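Remarks on the overall topology
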Amino acid sequence: MSAIDDLPPLREVIRQHALSARKSLGQNFLLDLNLTARIARAAAPLEDSTIVEIGPGPGGLTRALLALGARRVIAIEHDERAIPALQDISARYPGRLEIVHGDAMTFDPRPLLAGERAKIVANLPYNIATQLLINWLTVEPWPPWYEMMVLMFQREVGERIVAREDEEAYGRLGVLANWRCETKILFDISPSAFVPPPKVTSSVVRVVPRAEPLPCDRRLLEQVAAAAFGQRRKMLRQSLKSLGVDPARLASAAGVDATRRAETIPISGFVAMASELANIRNEAER
C-alpha cells in the first residue's frame, strides 16, 4: 500500500507498464509520494478545483491531487506508454480523471473547462518547461483561464522566473512573469528523488496571475526586454538601438539614465519604456 491510496507503489507501476524514462521526452519520474503530495498541497485548496496536469507519467502527482481532494484532474500525456497506468488511476477515482493523449505544446484545455477557471499543477518535462510557461504567460485575454500554477523546473529556470532587478538571474523571463504574475519558489527537490536522477536540483514554483498588471502592450514589452537583455552587458543607449528609436527617449520615459544596464531596471521601468515605444510608433504612423 502506498502512502496516499491503495494503488501499487510507483516503482511497481513503472515495472508493470515498462515505463522507462525517455530522455527525448524530458522524463524524470518523481517516485516519492510524500513529495508529490507536498506539490499537490501547494495548490490548495484542492476541493472543488479542476486541475490541469502536464506530463503525469506513471501518475504519482495525479494520485496525490485526487487523494487530496481535487474534484477533477485533466491529465495531458504525450507518451502513450503511460496511458494504461493513468487508466488504472481513473478506475480508482471514477469520474474524476480525464486523460488526454496529446502534446501540451499545442493542446488547449479551455474547451474542456466550459468557462471554469483551473489550476495548472505539473512536474514539467525539462525540455519544454520554459516554453510552456511562456505560452501560459502570453495567453490572451488576461486574466487567463487558470487561477494558479504550481510547476516544477530546474532550479536555474526557477530562479529566472522569480528574479527581479539587480539579481543575477533577472532577464526577459523575469520581466514577463513578474509583470503579469506574482511568483515564488516554494521548495527545492533533490536529484536523488527522481528516476533517473537529473544532474540538477529542481524547484517548485508558484505563479499566481495578477488581476490587473500594469497597463502595457505585451508584445511591445517583450520587444523592449528582448532588446535590452539581448546585449545585457551594454548600456541601454546601445542595447535599445535595435528597436529603431532613440534609446534616450525610452530611458527617460522610465525615469532612468540611458547609461544604465538592463538588469538594473525594474519591471515598471520596462513597462514605461514599452508604453513610450507605443507612443513613438503611433506618432510615426500619423
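Above: the structure in question.
As a starting point, this report considers the structure included with it. (Residues numbered from 1 in each chain as written. Predicted model: local features only at pLDDT ≥ 70, side-chain atom pairs only at ≥ 80, totals over all residues. Heavy atoms only, no water.)

Points about the sheet that holds strand β7 (residues 181-189)
Strand order in this open sheet of seven strands is β4-β3-β2-β5-β6-β9-β7, and the pairing throughout is mixed. Lying at the two open borders of the sheet, with one neighbouring strand each, are β4 (97-101) and β7. Put simply, the sheet's adjacent strands are angled 20° from each other on average, direction ignored. Alignment of strand β5 (residues 118-123) against strand β6 (residues 146-154), held across six bridges, turns out to be parallel. Bridge assignment links isoleucine 120 to a residue of β6, and that residue is methionine 149. (Pairing = 2+ DSSP bridges. Helix = DSSP H or I, 4+ residues; strand = E, 2+ residues; numbered from the N terminus. Axes fitted to C-alpha atoms, helices over the stretch in contact; angles between N-to-C directions.)

Digging into the pattern of salt bridges
Under the defined criterion, the tally for this structure stands at 15 salt bridges. Linking arginine 218 and glutamate 222 is a salt bridge whose minimum nitrogen-to-oxygen distance equals 2.7 Å. A residue pair is termed a helical-turn pair when its members lie 3 or 4 positions apart in one helix, as arginine 218 and glutamate 222 do in helix α9 (residues 218-230) at four residues. Its relative accessible area of 27% is what places glutamate 222 among the partly exposed residues. Note that glutamate 283 is salt-bridged to arginine 249, the shortest N-O span being 2.9 Å. Here glutamate 283 is found in helix α12 (residues 267-285), whereas its partner arginine 249 is found in helix α11 (residues 247-253), with 34 residues between them in sequence. On the basis of relative accessibility, which here comes to 30%, the residue arginine 249 falls in the partly exposed class. (Salt bridge = Lys/Arg side-chain N within 4 Å of Asp/Glu carboxyl O. Buried < 20%, exposed > 50% of the residue type's maximum accessible area, 1.4 Å probe, protein only.)

Focus: the packing of aromatic side chains
In the structure shown here, the tally under the stated rule is five aromatic pairs. For the pair tyrosine 170 and phenylalanine 229, a centre-to-centre distance of 5.5 Å together with 90° between the ring planes defines the contact as edge-to-face. Taken together, the residues tyrosine 170 in the loop between α7 (155-162) and α8 (172-180) and phenylalanine 229 in helix α9 connect sequence positions 59 residues apart. Classification of tyrosine 170 as buried rests on a relative accessible area of 0%. On the numbers, 5.5 Å between centres and 25° between planes, the contact of phenylalanine 229 with phenylalanine 270 is stacked. With phenylalanine 229 in helix α9 and phenylalanine 270 in helix α12, the pair connects residues that are 41 residues apart, well separated along the chain. Classification of phenylalanine 229 by relative accessible area gives buried; the value is 8%. Here the aromatic residues Trp142, Trp145 and Tyr146 are joined through ring pairs into a cluster of three or more. (Phe/Tyr/Trp six-rings, centres within 6.5 Å; stacked < 30°, edge-to-face > 60°.)

Considerations on the side chain of arginine 218
Exposure remark for arginine 218: the relative accessible area of 11% places this residue in the buried category. Setting aside its immediate chain neighbours within four residues, arginine 218 contacts Leu137, Thr138, Glu140, Leu176, Trp179 and Arg180. (Contact = heavy atoms within 4.5 Å.)

Digging into unusual backbone geometry
Here the amide bond leading from alanine 44 into proline 45 is cis, since omega sits at 0°, within 30 degrees of zero. Counting through the fold element by element, proline 45 comes out in the loop between α2 (33-41) and β2 (50-54). Residues other than glycine seldom take positive phi values, yet alanine 18 does so here, at roughly 50°. Relative to the helices and strands, alanine 18 resides in the loop between α1 (10-16) and β1 (29-30). Even without a glycine there, the phi angle at aspartate 166 is positive, about 70°. Mapped onto the elements of the fold, aspartate 166 is located in the loop between α7 and α8.

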